[in-house]
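Overview (structure and organization)
This is what each chain is made of:
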Amino acid sequence: MISTLDCTARSFNKLERTIGERLLTKFPGRNDQIEQLLSLLGESEDPAPPCVFVYGPSATGKTAVIRDLFNEYDTSGGHYAYINSVECFTPRLLFERTLNAWAGHVPSADNRFSNYARCDNLVDFVNSVRDLLVTSGKQHEAHYMVIDQAERLRDRGPMLLTSLLRLSELTGGANISVILISNVVWDKFRPRHGGAADPLSIFFPYYTKQQILLVLAKDCPLDEPQGFFLTFVDAVYEVFHRNCVDLNELRHLVAMLYPKFVQPVFEKQATRNEFARLFKLCQPYFAAASERLYLREISTSEWQKYSAVASAKNNPEDVATSIYHMAENSDGMDLPHYTKFLLISAYLASYNPSRLDVQYFARGKDPTQKRKRKGGGASAAAAEDALGGRDRQQLLGPRSFAIERMLAIFYSVIAEPVDSAVDVQTQIASLITLRLLTKTSAGDRLDGIKCKCNVSLEAIRAISRSVRFEIDRFLYNFT
């Protein structure tokens, strides 16, 4: 295996310098990563490292840099295969897609959409790779297998990942390199049973503020001054960077907010030099974007449609009014998966008596199973009116509940174990901020916090349908 020190010490040839200059211009802030990748490639017949592990947070340019690098490097084709683990969700699809790319085979109507070779298992794939490379005389040329979202390989069998790490060895010393792209660190990726050496690692960190400004400068409209645009991008970054470090999210916010920010200039309400005034006129849009657009409660097209009804020339307050009204009247709420279950648990805690929690939510209990009554059935039935009960909570409204009770219901109704990376307390705070939960306890209390659910029955049913949860089976005395 080539060491990182030897790779970086090697001088680049003319082709690599040309590719590097193009990539550095297109991907600012990724100089070190591009140089490391170029140093590992070398000439077409240079020994390639058996495996390279590229990792880092999302939206840091991992996939874009590697795909552009190989598109520039492998212009003739046949030496580079890009595999997305989401699309190739079985080992057979992964193997056959790789062989098609290396052989230059494209399934079409002429070949009845057949693949280069059928690979039902790893043995078939190894034999097919040997035949392909030996037949074409390319066993000494470097071939690369790039697997994106490689963390999904951990669920494809215990030996698949280990075999890919040793693919060069299994194919009889063929010059093959497997490049894994993932958001997961190698310590959580390493096969438990061992069997292969650790790969070379290349880390893509979050973009710094200056790097983000360089990247977003490329999004500047052609008819806009770049300095003015970057001043606006800097303001957006200062507003949102504490809660959002994702470059794609920041780029989306800039694209949605900049037309409204510059609108007063064209309406003669301000000039480009009056940045403070422009920022003040755009504040309603910033507030609405932070609470609606960033949380995806409304789509991009809906934002553009409803934010167009107001301007600084007319009444800026209409911006928030129209967007809030539209979001409240939407058919469903675009909330994260676990947040939806937290809201469902809050609704159950608000409308179900606490004395029935064991009956409804204890493991192994059937919520539709009724307890046997010892007597008094006639008198109890007479006490109930035509609506189903004298004190139905559905008619009285939501009751306050303790956060601890809501969490107990949440961990009972959730089907799978909650990921340790999920911050449940932060999601509860988000529900309170969105006013889907109303805090009823004193604001200065740190323990014994109580809330009540502020969602209608129709809304909670829509949310339950989106996560395939039958909430009607767990509601007491509802029709």
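What counts as what
Residues numbered from 1 in each chain as written. Predicted model: local features only at pLDDT ≥ 70, side-chain atom pairs only at ≥ 80, totals over all residues. Heavy atoms only, no water. Helix = DSSP H or I, 4+ residues; strand = E, 2+ residues; numbered from the N terminus. Buried < 20%, exposed > 50% of the residue type's maximum accessible area, 1.4 Å probe, protein only. Contact = heavy atoms within 4.5 Å. Areas by Shrake-Rupley, 256 points an atom, 1.4 Å probe, with all protein chains shown as cover. Polar contact = N/O pair within 3.5 Å; in protein donor to acceptor, adjacent residues only side chain to side chain. pLDDT = per-residue confidence, 0-100. Core = buried A, V, L, I, M, F, W, Y, C linked by side-chain atoms within 4.5 Å. Phe/Tyr/Trp six-rings, centres within 6.5 Å; stacked < 30°, edge-to-face > 60°. Lys NZ or Arg CZ within 6 Å of the ring centre and 35° of its normal. Salt bridge = Lys/Arg side-chain N within 4 Å of Asp/Glu carboxyl O. Expected span 1.5 Å × (residues − 1). Bend = angle between axes of the 7 residues up to and from the residue. Pairing = 2+ DSSP bridges. Axes fitted to C-alpha atoms, helices over the stretch in contact; angles between N-to-C directions. 1 Å grid on protein atoms, 1.4 Å probe; cavity = no way out; pocket = protein on both sides within 12 Å on 5 of 7 lines; lining within 4 Å. Points joined across faces, edges and corners; volume = space filled by probe spheres on them. Nonpolar A, V, L, I, M, F, W, Y, C, P; charged D, E, K, R; others polar.

Brief notes about the overall build of the protein chain
Within the protein chain, the secondary structure is distributed over 22 helices and eight strands. Out of the 479 residues in the protein chain, the part that is buried amounts to 44%. For the protein chain, the share of sequence-separated contacts (at least 6 apart) that also reach a separation of at least 24 residues comes to 72%. For the protein chain, the computed accessible surface area is about 25700 Å², with 51% contributed by carbon and sulfur atoms.

So, the side chain of aspartate 74
Within the secondary structure, aspartate 74 is located in the loop between helix H4 (62-73) and strand E2 (80-84). Polar contacts involving the side chain of aspartate 74 include one to the main-chain amide nitrogen of histidine 79, which spans 3.0 Å. Once you skip the residues sitting within four places of it in the chain, aspartate 74 turns out to touch His79 and Tyr80.

Observations regarding the side chain of asparagine 84
Within the secondary structure, asparagine 84 sits in strand E2. Of note is the side chain of asparagine 84, whose polar atom sits 2.9 Å from the backbone nitrogen of valine 86. Residues within four places of asparagine 84 in sequence aside, it is in contact with Asp148 and Gln149.

Some words on the confidence of the model for the protein chain
Averaged over all residues, the pLDDT of the protein chain equals 80, while 80% of them reach at least 70. Ignoring residues within four places in sequence, the model shows residues 1-9, a span with pLDDT below 50, making twelve contacts including any to other chains. Below pLDDT 50 for its whole length, residues 316-332 participates in 25 contacts with residues either more than four positions away or in separate chains.

Things to note about the nonpolar core
In terms of nonpolar packing, the biggest core is built from 40 residues, with Leu343, Leu348, Met406 and Leu437 touching the most fellow members. Elements that contribute at least two residues to this core include exactly helix H16 (337-351), helix H17 (357-361), helix H20 (403-413), helix H21 (424-433), strand E8 (450-453) and helix H22 (457-466). In terms of residue count, the dominant contributor to this core is H16 (ten residues). In this view, methionine 406 contacts Leu342, Ser345, Ala346, Phe401, Ile428 and Leu437; residues no more than four positions away in its chain are not counted. The next biggest cluster of nonpolar side chains, apart from the first, holds 31 residues, and it includes Val129, Leu132, Ile147 and Leu160.

Regarding unusual backbone geometry
With phi around 60 degrees, alanine 59 is a residue other than glycine that occupies positive phi space. Here alanine 59 is to be found in the loop between strand E1 (51-55) and H4.

Focus: the packing of aromatic side chains
Throughout the structure, instances matching the rule amount to 18 aromatic pairs. With a centroid separation of 5.0 Å and an interplanar angle of 75 degrees, the aromatic rings of phenylalanine 229 and tyrosine 258 are classed as edge-to-face. Taken together, the residues phenylalanine 229 in helix H10 (residues 226-240) and tyrosine 258 in helix H11 (residues 247-266) connect sequence positions 29 residues apart. Overall, phenylalanine 229 belongs to the buried group, its relative accessible area being 2%. Ring centres 5.9 Å apart and planes at 5 degrees place the aromatic pair phenylalanine 361 and phenylalanine 474 in the stacked group. Taken together, the residues span a long stretch of sequence, with phenylalanine 361 in helix H17 and phenylalanine 474 in the segment after H22 at a distance of 113 residues. Like phenylalanine 361, the residue phenylalanine 474 is buried in the burial classification. Looking at arginine 30, its charged tip hangs above the ring of tyrosine 207, at a distance of 4.1 Å from the centre. Taking NZ or CZ as reference, arginine 272 lies 5.0 Å from the ring centre of phenylalanine 228, over its face.

So, the pattern of salt bridges
Applying the stated rule across the entire model yields 16 salt bridges. In this structure, arginine 92 engages glutamate 96 in a salt bridge whose closest nitrogen and oxygen atoms are separated by 3.0 Å. Of this pair, arginine 92 and glutamate 96 both sit in helix H5 (residues 91-103), four residues apart, which is roughly one turn of that helix. Of the charged contacts in the structure, one is a salt bridge between aspartate 234 and lysine 209, with a shortest N-O distance of 2.8 Å. Of this pair, aspartate 234 sits in helix H10 while lysine 209 sits in helix H9 (residues 209-216), and the two are 25 residues apart along the sequence. Residue class for aspartate 234 comes out partly exposed when judged on its relative accessible area of 25%.

Re H11
Across its 20 residues, H11 extends 29 Å between first and last C-alpha, which sits within 8% of the 28 Å expected from 1.5 Å per residue. Of all the bends in H11, the greatest, near 35 degrees, is centred on leucine 257, and the proline proline 259 appears no more than four residues after it. Of all 20 residues making up H11, 14 are buried, and the element is well covered by its neighbours. The opening residue of H11, the one whose side-chain oxygen lies 2.8 Å from the backbone nitrogen of asparagine 248, is aspartate 246.

Digging into the sheet that holds E1
Read across the open sheet, the five strands follow the order E2-E3-E4-E1-E5; overall the sheet is parallel. Single-partner strands in this sheet number two, and they are E2 and strand E5 (200-203). The average undirected angle you get between the axes of adjacent strands in this sheet is 15 degrees. Both E1 and E5 contribute to a ladder of four bridges, which runs parallel. Directly across from valine 54, in E5, lies its bridge partner isoleucine 202.

Points about empty space enclosed by the protein
Empty pockets left among the atoms are what a rolling probe the size of a water molecule brings to light. Under the definition given, this model contains two cavities of 30 Å³ or more. Approximately 50 Å³ is the volume found for the second largest cavity. Taken together, Leu37, Leu40, Leu41, Pro49, Val52, Leu69, Phe70, Tyr144, Ser177 and Ile179 form the lining of the second largest cavity. Listed by contribution, the elements that provide at least two residues to the lining of the second largest cavity are helix H3 (31-41), H4 and strand E4 (176-182). No other element matches the three residues that H3 contributes to the lining of the second largest cavity. The residue makeup of the lining of the second largest cavity, split by class, is nine nonpolar, one polar and no charged.

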